[in-house]
Amino acid sequence: MEKIEKIIEIKNVSKQYDGITVVDDINLSIKKEEFVTLLGPSGCGKTTTLRMIAGFETPTSGRIFLNGRDVTDTPPHLREVNTVFQRYALFPHLNVYNNIAFGLKLKKIPDGFSEKKGKTIPLFRKFTKSEIDEKVNKALKMVGLDAYGRRDVNSLSGGQMQRVAIARALVNEPVVLLLDEPLGALDLKMRKEMQLELKSMHKNLGITFIYVTHDQEEALTLSDTVVVMRDGAIQQAGTPKKIYDEPANAYVADFIGQSNILSGVFIEDFKVDLLGHVIPCVDKGFAKGAKVDIVIRPEDIYVLEKHNPKGMIPGRVLTSIFKGAQYEMTVETAGYEFLVQDVNAFEAGAEVALFMAPDAIHIMKKPRTVNEFEAVVTAEGEVTFLETAFPCNTEGFEAGDEVLARIAFDKVKLTDDESDGIMGGNIADALYKGTYYAVQVSTEYDEDFFVDTPEEWDLNDRVGIRVEPEDISLEIKDKR
Amino acid sequence: MALPYAVLLVVFVVVPLFIVLCYAFTASDGGFSFDGFTSVFTRNRMAILWESLKFSFFTTVICFAVAYPIAFILSNKKFNRSGVLILLFVLPMWINFLLRMLAVKTVFDFFGVGLGYIPALVGSAYDFLPFMILPIYTTLCNIDKSLTEASADLGAGSVRTFFRVTLPLSVPGVLSGSIMVFMPSLSSFAVPQLLGLNLRLFGEMIDNQFIGSAQNYNIGSAMSFVMLALVGLSMFIANRVSKKQGGIAEAKGGLW
């Protein structure tokens, strides 16, 4: 038997609601006694994933294994997992004691065997009153609510309710404890306190915790493994340190902690072009001349005197704020405004040079390099994709041809007024990349436009999407 | 601003109540007297009052038995996506009740069912059904879905979840529904008259004192007064019980 067992395995699980994909073919295995956090913005599918593990939702496809047993179709009350709900979900008609005892009163435990006609039949019994009493009191003690058993749950504060919810779940000694943004409704001080308590409970009890949150700091503090999710897909899974130091892509880098994210060009192994400067790095193996995303954490940048020979990129300090342990500065260079944390202070307005060590420069392949849509040539000079007709040069193609339409990121134009565009969309994401914004525009048709634009757009704004006919390049689909 | 309302209140509530009070405590010659009340508290009339209480009680029980499953099914969004179904059940409420009762009578006639106690009970239950469905339905709809999920999560199957979580949490709805049925059915007189054949209830007796053959305003008023007291008492009890339920669902789902 393997020493490290997989307690939960999620295999190719997808979930759709009315045709909309919420969780998109995820694979994840969770080891015994691990503290795993599903991290992502709202709507990324993290809660749905948790609910599928709990059994409240059934995957549209894929399987879920608990302790090696396929539980995909097992109803929640037969799964050995317990959940701490986002809004506590305490039973208002029961007092604290009875809330916690709820699961124990239902539970059947093995009680020896009986021999009948040569067959061994396992026997079950319920917990006795004194056993329940003992367990409930132990659980109350664990969450620090010893004297609260007879209290009405409606009279508790948010923090106390949360403790009851945790006790109610843990008292059943589940194999896995699921926590759905359990601290979301608490104030900051209480959150910090509960985080520490959860962490020590996890350590003492040896139960696997799966924790859902949108708070990256919470995820980094608590977890053994952080799973970053976006649009129903897992972006990266790894230890907090790995996620922070080596984000898999610009999205993860941006979501976890503060970072400087720039576009650059990979020159050759160990050399990258950053804002026109050749900077040494530790990465290799990218294609020469490939466009890459570069992530540099603010604490990895050093601010030096302007004429220091070590300086790589000249710049000027815009703001400088004392943050206790170090100074947080913004440094303007030709093409990018760096966020820097350094112990050496420079006044705003000072001319400086920036230095970064090769291993501080993190290079990632750009996830996409061009917009690509499956399209049909609908008429001469017109191609249709996302159920919308775009004027386009169709020379060499015939109506009815199935093609791939490609549009470069910087050739897509956004308009304030939806009616000025060929089609409409919503700003789903905007990431500053030094000289431009990388904007993601979601459409009604489950596919997104990726746009590089010098203008800043507000999230969720409704915009028009416009493409000049000559900027759409077509290719017959079969050629691929 | 409040003056018109105050005037309305005085003219249509306080004054009539005062008139009832006056009649109840006077004799036919206009002098002060307890005769009205003494004739109410006779064996015969008390028996009819008891009969009325039983009739209302049965009506309430039948309504509850029919309404709860309906409300439970309708509160499940799967069956009642648009809320049209609940509307269908509540729709008859907006038809004049005499019309409804005459329709019920016609239905009984059509099937050759003779009138009497049971048809009157059925008619009465049918009459008040929406008043029971609606509050239970609202309470059930307002129960936080995560509570039933929590119950399942803690090991309760759907039957246990119903008896341990859903039913206790719907008590406020059941209570307010019961009041909505019990109180008006206590004073009903048209239903027993139309469907009950020889059924004599308290409401009908009051009616008889005012426009019927008996024609004794003093006794009628005393009887009305007793009825009012009963209604007030049942409301008081219901209030106490629902308070004891401890602000469950913050008394959501009541009709008031």
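Remarks on the overall build of chain B
Turning to step 1, where the next piece is worked out: Scanning chain B for helices and strands turns up twelve helices and zero strands.
Turning to step 2, where the next piece is worked out: Helices (α) and strands (β) of chain B occur, in sequence order from the N terminus, as α-α-α-α-α-α-α-α-α-α-α-α.
Turning to step 3, where the next piece is worked out: Put simply, 77% of the contacts in chain B that link residues at least 6 apart link residues at least 24 apart.

A short note on the overall build of chain A
Turning to step 1, where the next piece is worked out: Secondary structure summary: chain A contains eight helices and 32 strands in total.
Turning to step 2, where the next piece is worked out: Here the C-alpha coordinates of chain A stretch approximately 80 × 65 × 45 Å along the principal axes.
Turning to step 3, where the next piece is worked out: Sorting the 480 residues of chain A into buried and exposed places 38% on the buried side.
Turning to step 4, where the next piece is worked out: Of the contacts formed within chain A by residues at least 6 apart in sequence, a portion of 64% connects residues at least 24 apart.

Some words on the packing of helix H7 (residues 145-153) of chain B against helix H8 (residues 158-169) of chain B
For any two helices packed against each other, the geometry comes down to the angle between their axes and how far apart the axes lie.
Residue and element names in this part refer to chain B.
Turning to step 1, where the next piece is worked out: Viewed as axis vectors pointing N to C, H7 and H8 meet at an angle of 140 degrees, and their least axial separation amounts to 10 Å. The angle between H7 and H8 places the two elements in the oblique class. Pair H7 / H8 crosses with right-handed handedness. Across the interface between the two elements, Leu147, Thr148, Ser151 and Ala152 of H7 pack against Thr161, Arg164, Val165 and Thr166 of H8.
Turning to step 2, where the next piece is worked out: Grouping the amino acids of the contact of H7 with H8 by side-chain chemistry returns three nonpolar, four polar and one charged.

What to know about the nonpolar core
Turning to step 1, where the next piece is worked out: Ile210(A), Val227(A) and Met132(B) are the most contacted members of the largest nonpolar core, which has 152 residues in total.
Turning to step 2, where the next piece is worked out: It is helix H6 (residues 117-142) of chain B that provides the largest number of residues to this core, a total of 13 residues.
Turning to step 3, where the next piece is worked out: Here this core gathers at least three residues from each of two domains, domain 1 (6-245) and domain 2 (273-365) of chain A.
Turning to step 4, where the next piece is worked out: Those residues in contact with Met132(B) that sit more than four places away from it in its chain are Cys63(B), Phe64(B), Ala67(B), Gly177(B), Met180(B) and Val181(B).
Turning to step 5, where the next piece is worked out: If you look at the next biggest cluster of nonpolar residues, it comprises 23 residues, including Val383(A), Ile407(A), Ala438(A) and Val441(A).

Brief notes about the interface of chain A and chain B
Turning to step 1, where the next piece is worked out: With 20 residues of chain A in contact, the opposing surface of chain B contributes 19 residues.
Turning to step 2, where the next piece is worked out: Within the residue set of the side of chain A that touches chain B, elements represented by two or more residues are strand S6 (81-84) and helix H2 (96-106) of chain A.
Turning to step 3, where the next piece is worked out: Ranked by the residues each element gives to the side of chain A that touches chain B, the list is headed by H2(A), at three residues.
Turning to step 4, where the next piece is worked out: Tallied by class, residues from the side of chain A that touches chain B come to ten nonpolar, seven polar and three charged.

Overview of the packing of helix H5 (residues 97-110) of chain B against H6(B)
All names here are of chain B.
Turning to step 1, where the next piece is worked out: Interaxial distance between H5 and H6 falls to 10 Å at its minimum, and their mutual angle equals 140 degrees. With respect to H6, the axis of H5 lies oblique. In this structure, H5 meets H6 at a crossing whose hand is right-handed. Along the contact surface, H5 presents Phe97, Arg100, Met101, Val104 and Phe108, while H6 presents Pro119, Gly123, Tyr126 and Asp127.

Regarding the pairing of strand S23 (residues 371-379) of chain A
Residues and elements named next belong to chain A.
Turning to step 1, where the next piece is worked out: Summarising the sheet, S23 and strand S26 (residues 402-407) pair through six bridges and their orientation is antiparallel. Considered in S26, the bridge of asparagine 371 is made with isoleucine 407.
Turning to step 2, where the next piece is worked out: Judged from the three bridges that link them, S23 and strand S24 (residues 382-385) form a sheet pairing that is antiparallel. For valine 376, the partnering residue across the bridge sits in S24 and is threonine 384.
Turning to step 3, where the next piece is worked out: With antiparallel pairing between neighbouring strands as the criterion, S23 and S24 make up a hairpin whose turn holds two residues, including glycine 381 at a positive phi of roughly 80 degrees.

Some remarks on unusual backbone geometry
Turning to step 1, where the next piece is worked out: Phi at Asp231(A) is positive, roughly 50 degrees, even though this residue is not glycine.
Turning to step 2, where the next piece is worked out: Note that Asp231(A) resides in the loop between strand S11 (225-230) and strand S12 (233-238).

Concerning the sheet that holds strand S1 (residues 6-17) of chain A
Turning to step 1, where the next piece is worked out: Sheet architecture is open: four strands sit in the order S2-S1-S4-S5 (chain A), paired in antiparallel fashion. At either margin of the open sheet sits one strand with a lone partner, and together these are strand S2 (20-31) and strand S5 (69-70) of chain A.

Here's the deal with the environment of Val383(A)
Residues and elements named next belong to chain A.
Turning to step 1, where the next piece is worked out: If you trace the backbone, valine 383 turns up in strand S24.
Turning to step 2, where the next piece is worked out: Judged by the 25 C-beta atoms lying within 10 Å of it, valine 383 falls in the buried class.
Turning to step 3, where the next piece is worked out: Valine 383 sits 19 residues away from glutamate 402 along the chain, and the two C-alpha atoms are 9.6 Å apart.

So, the sheet that holds strand S3 (residues 35-39) of chain A
Residue and element names in this part refer to chain A.
Turning to step 1, where the next piece is worked out: Judged by pairing direction, the sheet is mixed, and its six strands sit side by side in the order S6-S9-S10-S3-S11-S12 without closing on themselves. On the outer flanks of this sheet lie S6 and S12, each paired with one strand and no other. Neighbour-to-neighbour, the strand axes of this sheet turn through a mean angle of 20 degrees, independent of strand direction.
Turning to step 2, where the next piece is worked out: Of the strand pairs in this sheet, S6 and strand S9 (residues 176-180) are connected by four bridges, and their pairing is parallel. Pairing of valine 81 across the sheet is with valine 176, part of S9.

Quick notes on the environment of Asp293(A)
Residue and element names in this part refer to chain A.
Turning to step 1, where the next piece is worked out: Tracing the sequence through the fold places aspartate 293 in strand S16 (residues 291-296).
Turning to step 2, where the next piece is worked out: Residue class for aspartate 293 comes out buried when judged on the 23 C-beta atoms lying within 10 Å of it.
Turning to step 3, where the next piece is worked out: Placed 68 residues apart in sequence, aspartate 293 and isoleucine 361 show a C-alpha to C-alpha distance of 10 Å.
Turning to step 4, where the next piece is worked out: Setting aside anything within four residues of it in sequence, one finds aspartate 293 in contact with Asn249, Ala250, Ile261, Ser263, Met364 and Lys366.

Here we look at the environment of Met312(A)
Residues and elements named next belong to chain A.
Turning to step 1, where the next piece is worked out: The topology assignment puts methionine 312 in the loop between strand S17 (301-305) and strand S18 (313-322).
Turning to step 2, where the next piece is worked out: With 19 C-beta atoms packed within 10 Å, methionine 312 lands in the partly exposed category.
Turning to step 3, where the next piece is worked out: Between the alpha carbons of methionine 312 and glycine 238 there is a distance of 32 Å; along the sequence they are 74 residues apart.
Turning to step 4, where the next piece is worked out: Sequence-distant contacts of methionine 312, that is, excluding residues within four places in its chain, are made with His277, Ile279, Ala353, Leu354, Phe355 and Met356.

Quick look at helix H3 (residues 43-75) of chain B
All names here are of chain B.
Turning to step 1, where the next piece is worked out: When the terminal C-alpha atoms of H3 are compared, their 46 Å separation across 33 residues agrees well with the 48 Å that a helix rising 1.5 Å per residue should span.
Turning to step 2, where the next piece is worked out: A maximum bend of about 25 degrees is found in H3 at alanine 67, where proline proline 69 lies one to four positions downstream.
Turning to step 3, where the next piece is worked out: Among the residues of H3, Leu49, Ser52, Phe55, Ser56, Thr59, Thr60, Cys63, Ala67, Tyr68, Ala71, Leu74 and Ser75 are the ones counted as buried.
Turning to step 4, where the next piece is worked out: Looking at the buried side of H3, the elements it contacts are helix H4 (84-90), H6, helix H9 (171-186) and helix H11 (202-210).

Remarks on the pairing of strand S21 (residues 351-356) of chain A
Turning to step 1, where the next piece is worked out: Where S17(A) lies against S21(A), five bridges are found, and the strand directions are antiparallel. By the bridge assignment for S21(A), Glu305(A) is matched with Val352(A).

Section: the confidence of the model for chain B
Residue and element names in this part refer to chain B.
Turning to step 1, where the next piece is worked out: Across chain B, the average pLDDT comes to 85, with 95% of residues at 70 or higher.
Turning to step 2, where the next piece is worked out: The low-confidence segment residues 246-256 (pLDDT under 50) makes 34 contacts with residues lying over four places distant or belonging to another chain.
Turning to step 3, where the next piece is worked out: If you check the scores for this complex, the pTM reads 0.74 and the ipTM reads 0.76.

Reading guide: rules and limits
Residues numbered from 1 in each chain as written. Chains lettered and ligands numbered in written order. Predicted model: local features only at pLDDT ≥ 70, side-chain atom pairs only at ≥ 80, totals over all residues. Helix = DSSP H or I, 4+ residues; strand = E, 2+ residues; numbered from the N terminus. Contact = placed C-beta atoms within 7 Å. Buried ≥ 20, exposed ≤ 12 C-beta atoms within 10 Å, placed from the backbone. Axes fitted to C-alpha atoms, helices over the stretch in contact; angles between N-to-C directions. Parallel < 35°, antiparallel > 145°, perpendicular 65-115°, else oblique. Left-handed = near helix turned anticlockwise from the far one by under 90°. Nonpolar A, V, L, I, M, F, W, Y, C, P; charged D, E, K, R; others polar. Core = buried A, V, L, I, M, F, W, Y, C linked by C-beta atoms within 7 Å. Domains from an automatic or database assignment. Pairing = 2+ DSSP bridges. Expected span 1.5 Å × (residues − 1). Bend = angle between axes of the 7 residues up to and from the residue. pLDDT = per-residue confidence, 0-100.

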